[in-house]
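As a plain string of letters, each chain reads:
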Amino acid sequence: MARTSTSSGEPVRDFCREILKQEALLRQGGGKAGLDRQRKLGRLPARERIGQLLDKDAQFFEIGVWAAYKMYEEWGNIVAAGAIAGIGNVSGVPCMLIANDATVKAGAFFPATVKKLLRAQRIAFECSLPIIYLVDSAGVFLPMQDEIFPDEDDFGRIFRNNSVISAAGIPQFAAIVGNCVAGGAYLPVLCDKILMTEGSGLYLAGPSLVKAAIGQVVEQEELGGAKMHSEISGTVDFYEKTDESCLKRLRSLVALLPEAQSAADSKIDRKVFKTAKNPDTVYDLVSLDGQKNYNARDLIAAVVDSNSVDEYKADYGKTLVTAYTRIAGRPVGIVASQRLQVRTKKEGIQLGGVIYSDSADKAARFVMDCNQVGLPIIFFQDVTGFMVGRDAEESGIIRSGAKLVNAVSNSIVPKITVVVGGSFGAGNYALCGKAYDPRFIVAWPTARYAVMGAAQASDTVFSILARARERGDKKASHEELDALRKKVKQSYEEQTDIRYGAARGWVDAIVQPHETREALIQLLQYVARPIPKARFHTGVIQV
């Protein structure tokens, strides 16, 4: 249906378009100078490498494109944390692709780079996805080594994961298509198959460090070039003259995997399935300030297959909508925040976007039932938190909330979370926030993250400091307190912007609202893969 400029959803559409424009800039990497440097070295830019690796017209679900956004401005613009990660089909097989972007600080690792790679490895492990690493990195960004090197979720964890993933029987392919130095050299050597292009380097210490450490003078190619590693050390399995031949070889190797043979048989014909509502109608549901109320069933109808919804306990616990349904024919369970004000016979009026005791009890039982029958669960978050106050406490809101948190924590079926609007307080936890192991967590541009809203936070801080002032603990004028309240509010507003959260890895991707169904179709294919069964052995190691 044609849209006019007077549509109630137009401000949301405009904001979403702005997010798309920003993402397009992020996908340009380090810009023209970096791209020219790559080509001068006879190397392809990272995104071109991925493009040649993927099947023709294959979709690429990118993870962490906003990583490091505005986080390290004192060191420059660290676009997408200097790495590209995402899932796409290679020779018909869904694979996790991880590529260093050498146009951004020579592909050096920043703290956000490590976090991004660890997230990609975790997704690949949980979805049993083969991993392809395209290595072109200068190693750890030394000025920040203390934030990258030593901790349990830092640089070394990548190589620990390489070993565990291999032991679980998930294929890993590494192509060294540039620099691969210092500790980073362990990544390809811990993979099942190693390819290396002419002119690339693989060594624990470069020529300068070798000279400083032991006084030996040696050229880069002699120290750790592709020919040396393919002819003398025996570390490299495939020596390739160019990026193009290397990528072609990778596709050939992936095509040998058993599932490549049956990949064509598992394709979903999306044309067979339609939604009850046009996906574009979701723009008219939400608002930029998050204050607009809407019926969660309208959102669900724009995402799931038409005539497939069986709502669970529709007349109980009404501030959460729970339903069995299908997306492109795949059965799923849905737990969604209801943003309409509702009326119940027991408690009367209940506010939309708030979780009450009855809603929490219903959702907990629904999550348990989905686990009983093995249904993946999709959570739609637009939640301000749990209900507070005397009546809520007397209703056992803490006990009911704990039930839901417990059920979500122990859920073993695949979980996917879509943050539509607010994701505040314990509502984030109960509806499967990042800490509760969703296989994927994505957000709309309208999403907002925080322990509470900006207005509530600033008012709370003001009240605490005002009471302290009255007691004489802190001598401050009303003007100073008002200024502090405004400062807290501004800080909260900046931090609730979903780009702030995406930069720090709180969500895997920002998706356009009308593309939510298509994204979920992709993700459901990945989470439906068999879970790897780990057993004790070392996987493939070099001898």
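Per chain, the residues get numbers from 1 upward, laid out in the order the sequence is written. Owing to the predicted nature of the model, reporting of local features is limited to residues with pLDDT of at least 70; listing and counting of side-chain atom pairs is limited to 80 or more, with chain, interface and lining totals taken over all residues. Note that the side-chain values use all heavy atoms of the structure and ignore hydrogens as well as water.

Chemist: Quick rundown of the pairing of strand E3 (residues 93–100)? Include the residues and the values.
Modeler: Residues in a regular strand point their side chains to alternate faces of the sheet. When accessible area is computed with a 1.4 Å probe and restricted to protein chains, residues below 20% of their type maximum are described as buried, those above 50% as exposed, and intermediate ones as partly exposed. Starting at the N terminus, helices and strands are each numbered in turn, a helix being any DSSP run of H or I of at least four residues and a strand any DSSP run of E of at least two. Of all eight residues that make up E3, eight are buried, and the element is covered over most of its length. Of the two faces of E3, the one carrying Val 93, Cys 95, Leu 97 and Ala 99 and the one carrying Pro 94, Met 96, Ile 98 and Asn 100 are both buried. Here strand E2 (residues 83–90) runs beside E3; their pairing, made up of eight bridges, is antiparallel. Its bridge partner lying in E3, Gly 88 is registered against Cys 95. A pair of strands counts as paired when DSSP detects no fewer than two bridges linking them. Between the antiparallel neighbours E2 and E3 lie two residues, among them Ser 91 with a positive phi of about 55 degrees. Here E3 runs beside strand E4 (residues 131–137); their pairing, made up of four bridges, is parallel. Bridge pairing in E4 links Ile 98 to Tyr 133. Crossover handedness is defined by viewing with both strands directed away from the observer: a clockwise path from the first strand over the helix to the second marks the crossover as right-handed. Crossover handedness for the path E3 to helix H4 (residues 111–126) to E4: right-handed.

Chemist: If you had to explain empty space enclosed by the protein to someone new, which residues and values would you point to?
Modeler: Two kinds of site are reported from a 1 Å grid over the protein atoms alone, namely cavities, where a 1.4 Å probe fits but cannot get out, and pockets, open sets with protein on both sides within 12 Å along at least five of seven lines, and residues are called lining when an atom falls within 4 Å of a point. Grid points are joined across faces, edges and corners, and a volume is the space filled by probe spheres set on the points. Under the criterion given, the structure shown has three cavities of 30 Å³ or more. Space inside the largest cavity adds up to approximately 150 Å³. Lining the largest cavity are 18 residues, and of these Asn 100, Phe 109, Val 135, Gly 184 and Leu 187 lie nearest its centre. For the lining of the largest cavity, the secondary structure elements donating two or more residues are E3, E4, helix H5 (155–167), strand E5 (172–181) and helix H6 (186–189).

Chemist: An account of the packing of aromatic side chains is needed here, citing residue identities and associated values.
Modeler: Centres within 6.5 Å are what make two rings of Phe, Tyr or Trp a pair, Trp counting through its six-membered ring; a difference in plane orientation under 30 degrees is then read as stacked, over 60 as edge-to-face, and the rest as tilted. By the definition in use, this model includes 15 aromatic pairs. Here Phe 159 and Tyr 186 contribute two aromatic rings whose centre-to-centre distance is 6.3 Å and whose plane-to-plane angle is 55 degrees, an arrangement assigned as tilted. A residue pair is termed long-range when its members are at least 10 positions apart, and Phe 159 in helix H5 and Tyr 186 in helix H6 qualify at 27 residues. For Phe 159, a relative accessible area of 12% gives the class buried. Here the aromatic rings of Tyr 312 and Phe 366 are separated by 5.3 Å at their centres, their planes lie at 50 degrees, and the arrangement is tilted. Here the residue Tyr 312 occupies a position in strand E9 (residues 310–312), and Phe 366 occupies one in helix H13 (residues 357–373), the gap between them amounting to 54 residues.

From the geometry alone we can't say anything about function, so treat these as descriptive.
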